[in-house]
Amino acid sequence: NAKKIMQSDFRVGCAGANTGTLYGKGLYFAESITKADEYAKPDEKGNYAVLLCRVLGGHVLYTDELEPDPEVLVQQCISGPYDCVLGDREKARGTYREFVLFDSEDVYPEYVIEYKRKY
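Residues numbered from 1 in each chain as written. Predicted model: local features only at pLDDT ≥ 70, side-chain atom pairs only at ≥ 80, totals over all residues. Heavy atoms only, no water.

K.L.:
Please explain the pattern of salt bridges as it appears in this structure.
P.N.:
When the charged atoms of two side chains with opposite charge come close together, those side chains can pair. For the structure on display, the rule yields seven salt bridges. E31 is the salt-bridge partner of R97, the closest N and O atoms lying 2.7 Å from each other. Here E31 lies in the loop between β1 (27–30) and α2 (33–39) and R97 lies in strand β5 (residues 97–101), a separation of 66 residues in the sequence. A salt bridge links D64 to K91, with the shortest nitrogen-to-oxygen separation between them at 2.9 Å. With D64 in the loop between β3 (60–63) and α3 (70–78) and K91 in helix α4 (residues 89–93), this residue pair connects regions lying 27 residues apart in the sequence. With a relative accessible area of 29%, D64 lands in the partly exposed category. (Salt bridge = Lys/Arg side-chain N within 4 Å of Asp/Glu carboxyl O. Helix = DSSP H or I, 4+ residues; strand = E, 2+ residues; numbered from the N terminus. Buried < 20%, exposed > 50% of the residue type's maximum accessible area, 1.4 Å probe, protein only.)

This is the structure we're talking about:
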């Protein structure tokens, strides 16, 4: 829930509980609101919410592999020289780039954006 995250912070330990972990158990961010909307769930009134965050990428580990080894990526960021993963799904699959961080201290949730979908 976006509002709960704003009040308490991201919990890396919960990462991947509701979605996949292609790049490892981490905090996933996107440049595109369309990508963020894929993961948004409606509340009881049918409203959706996403977070607009400031993310400190640091030394970025780039990958455009179709099926990367998530354990290697996580290890490179937690114990290696990198701070985050940039999974280039735009290049690999024609979708969106994803930024994955493994430390909530590198993320600042600045705004909650609430909206209703119109089709």
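K.L.:
Explain a nonpolar patch on the surface here, please?
P.N.:
A cluster of nonpolar residues, L52, Y111 and I113, forms a patch on the protein surface that exposes about 280 Å² of accessible area. Looking at the element boundaries, Y111 is found in strand β6 (residues 107–115). (Patch = residues over 30% accessible without salt bridge, like charges linked within 9 Å, V, L, I, M, F, W, Y side chains within 5 Å. Areas by Shrake-Rupley, 256 points an atom, 1.4 Å probe, with all protein chains shown as cover.)

K.L.:
Got a minute to help me understand the sheet that holds β5 in this structure?
P.N.:
The strands making up a sheet associate through backbone hydrogen bonding, with each pair oriented either parallel or antiparallel. Taken in spatial order, the four strands of this open sheet run β1-β5-β4-β3, and their pairing is mixed. Strands at the two margins of the open sheet, each flanked by one partner only, are β1 and β3. Across the sheet, the mean angle from the axis of one strand to that of its neighbour is 25°, orientation sign disregarded. Two strands pair when backbone bridges link them, and β1 and β5 are joined in this way by four bridges, in the antiparallel orientation. Within the sheet, the bridge partner assigned to Y28 lies in β5 and is V100. (Pairing = 2+ DSSP bridges. Axes fitted to C-alpha atoms, helices over the stretch in contact; angles between N-to-C directions.)

K.L.:
Got a minute to help me understand the environment of P81 in this structure?
P.N.:
Looking at the secondary structure, you find P81 in the loop between α3 and β4 (84–88). The spatial distance from the C-alpha of P81 to the C-alpha of E114 is 37 Å, given a sequence separation of 33 residues. Look past the residues within four positions of P81 in its chain and what remains in contact with it is H59 and Q76. (Contact = heavy atoms within 4.5 Å.)

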